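Structure at a glance
As a plain string of letters, each chain reads:
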Amino acid sequence: MAHPDRFLLAGVMGWPVMHSRSPMLHNYWFKQHGLAGNYVPLAIRPEGLAAALGALHPLGFAGCNLTIPHKQQAMKIVDEADTLARSIGAISCVVVSADGSLSGTNNDCYGFIHNIRQEQPGWRADAGPIAVIGAGGGSRAVCYGLAREGAKEIRLLNRTFARAKGIADEFGKPIDALPWEQRHEALEGAAMVVNTTSCGMVGQPSLDVRLDKLPKSALAADIIYIPLETPFLAAARKRGNRTVNGLGMLLNQGRPAWKAWFGIDPEVTPELRAMVERTI
Ligand code: ATR
């Protein structure tokens, strides 16, 4: 045991939060590393976020993850947000320092890229144009990660054009915002297409994008993990495209969080993935 004299604590703050598979993931790692600790779901209303984050240090938490709807709001609460969080405009992970101060970072970008690498080992961001659908917080992390990995052309499509334009103006090259009406044609010649909208999530409508122009060689990725295969991914798979679902993004974003909280780099193993998959 690395910390036999301490009970390690971390959690995820969200509203709602009980659907999150993060506790399963982190508690698996506590067990695997023989550590006494727990990772708990924390149901925090938006108006309670500042007080909840302020309580982390007195309660002895190493930090927490943030999920909907707290990621952007937390930017105004933490003592310091790193360059990555500031660039993406959202915090996915809070780390409590020894003096009680709170620092925020964003591991969504790491999670997205590492999931793609793990599932498609030969993948390269500069293999050809990439179409990214959606322009919310998830899209900002995905666009930032793809640009950092060397993507040469990112075609950003969003129902509300102004949000896509906002990201393109802020991030600059290689992102181009295209009108929503062009979403079907924008897949022509693409090496990859990523859904970052909430469309296809359980209880939500399917993504309204036709895949007929998408080359069969293209990779289709979704950041949704409930269900594991969204209608968008199912349609892509049926026509012969390779697909990657969003579960590995969740699993991989936990790794840098553990490193920051507990100084350990845990592994995302096939066993861990299968265990979480069985609950979805
Ligand atoms: P997150 O931070 O999780 O990405 P968000 O900021 O609410 O969540 O963004 C949700 C994304 O899904 C947005 O791109 C949204 O499009 P708008 O900017 O036009 O709202 C997209 N989205 C949600 N429902 C949609 C629908 N029925 N059709 C197309 N896009 C949709």
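The following paragraphs examine the structure supplied in this document. Just so it is clear, the structure is predicted and the values come from calculations on it, not from any experiment. (Residues numbered from 1 in each chain as written. Predicted model: local features only at pLDDT ≥ 70, side-chain atom pairs only at ≥ 80, totals over all residues. Heavy atoms only, no water.)

**Overview of the pairing of strand β8 (residues 154-157)**
This is how it is decided: In this scheme, a residue with accessible area under 20% of its type's maximum is buried, one over 50% is exposed, and one in between is partly exposed, where area comes from a 1.4 Å probe on protein chains only. Only DSSP runs of H or I with at least four residues qualify as helices, and only runs of E with at least two residues qualify as strands; both kinds are numbered from the N terminus onward. Two strands qualify as a pair provided that DSSP identifies no fewer than 2 bridges between them. Look down the strands so they point away from you; if the path from the first strand over the helix to the second goes clockwise, the crossover is right-handed.
Here β8 shows a buried face lined by Ile154 and Leu156 and a second buried face lined by Arg155 and Leu157. In the sheet, strand β7 (residues 130-133) pairs with β8 via 4 bridges, with the strands oriented parallel. Looking at β8, one finds that Ile130 is bridged to Ile154. In this sheet, strand β9 (residues 175-178) lies alongside β8 in parallel orientation, the contact comprising 4 bridges. Bridge pairing links Arg155 to Asp176 in β9. In terms of handedness, the path from β8 via helix α6 (residues 161-171) over to β9 forms a crossover that is right-handed.

**Some points on α6**
Keep this limit in mind: Here, the arc refers to the directions that run from the helix axis to the C-beta atoms.
Inspection of α6 places Ala164, Ile167, Ala168 and Phe171 among the buried residues, and these make up the whole buried set. Along the long axis of α6, the arc covered by the buried residues comes to 95°, so they all point the same way. Looking at α6, the residues exposed on the side facing more than 90 degrees away from the buried face are Ala162 and Asp169. Looking at the residues trailing α6, positive phi occurs at Gly172, about 75°.

**Remarks on the site of the ligand**
Selection rule: Any residue with a heavy atom positioned within 4 Å of a molecule or strand is treated as near that molecule or strand. Definition of a polar contact: a pair of N or O atoms within 3.5 Å, with one able to donate and the other able to accept a hydrogen when the atoms are protein atoms, and with sequence-neighbouring residues admitted only if both atoms are side-chain atoms. The accessible surface values rely on the Shrake-Rupley method and a 1.4 Å probe; as for residues, cover is taken only from the protein chains in view. Residues are said to line a cavity or pocket when one of their atoms sits within 4 Å of a point; the points come from a 1 Å grid over protein atoms alone, cavities being sets where a 1.4 Å probe fits but cannot get out and pockets being open sets with protein on both sides within 12 Å along at least five of seven lines. Think of it this way: if more than half of a molecule's atoms are within 2 Å of a pocket's grid points, that molecule is in the pocket or cavity.
Around the ligand there are 13 residues in total, and Ala135, Asn158, Arg159, Thr160 and Arg163 lie nearest to it. Ser198 places a polar main-chain atom, nitrogen or oxygen, 3.4 Å from an oxygen atom of the ligand. Taken by itself the ligand offers 640 Å² of open surface, and the protein chains cover 70% of this. Judged by the proximity of its atoms to the pocket grid, the ligand belongs to the largest pocket.

**Some words on the side chain of Arg273**
Using the following cut-off: Any pair of residues with heavy atoms lying within 4.5 Å of one another is described as a contacting pair.
The topology assignment puts Arg273 in helix α9 (residues 270-277). By relative accessible area, which is 11% here, Arg273 ends up buried. At 3.1 Å, the side chain of Arg273 forms a polar contact with the side chain of Glu119. Apart from residues no more than four positions distant in its own chain, Arg273 is found in contact with Asn115, Gln118, Glu119, Leu247, Gly248 and Leu251.

**With respect to the packing of aromatic side chains**
To keep things clear, this is the line we draw: Here a pair means two rings of Phe, Tyr or Trp (six-membered ring of Trp) with centres within 6.5 Å. Their orientation is stacked below 30 degrees between planes, edge-to-face above 60, and tilted elsewhere.
The final tally for this structure, using the stated rule, is 7 aromatic pairs. The interplanar angle of 55° and the centroid separation of 5.5 Å between the aromatic rings of Phe30 and Phe262 together place this pair among those described as tilted. Taken together, the residues span a long stretch of sequence, with Phe30 in helix α1 (residues 22-32) and Phe262 in helix α8 (residues 247-262) at a distance of 232 residues. The class for Phe30 is buried, based on a relative accessible area of 2%. A centroid spacing of 5.8 Å and a plane angle of 75° characterise the contact between Tyr144 and Phe171, whose relative ring orientation is edge-to-face. Taken together, the residues Tyr144 in helix α5 (residues 137-148) and Phe171 in helix α6 connect sequence positions 27 residues apart. Here a set of aromatic residues connected by ring pairs shows up, and it is made of Trp29, Phe30, Tyr39, Trp258, Trp261 and Phe262.

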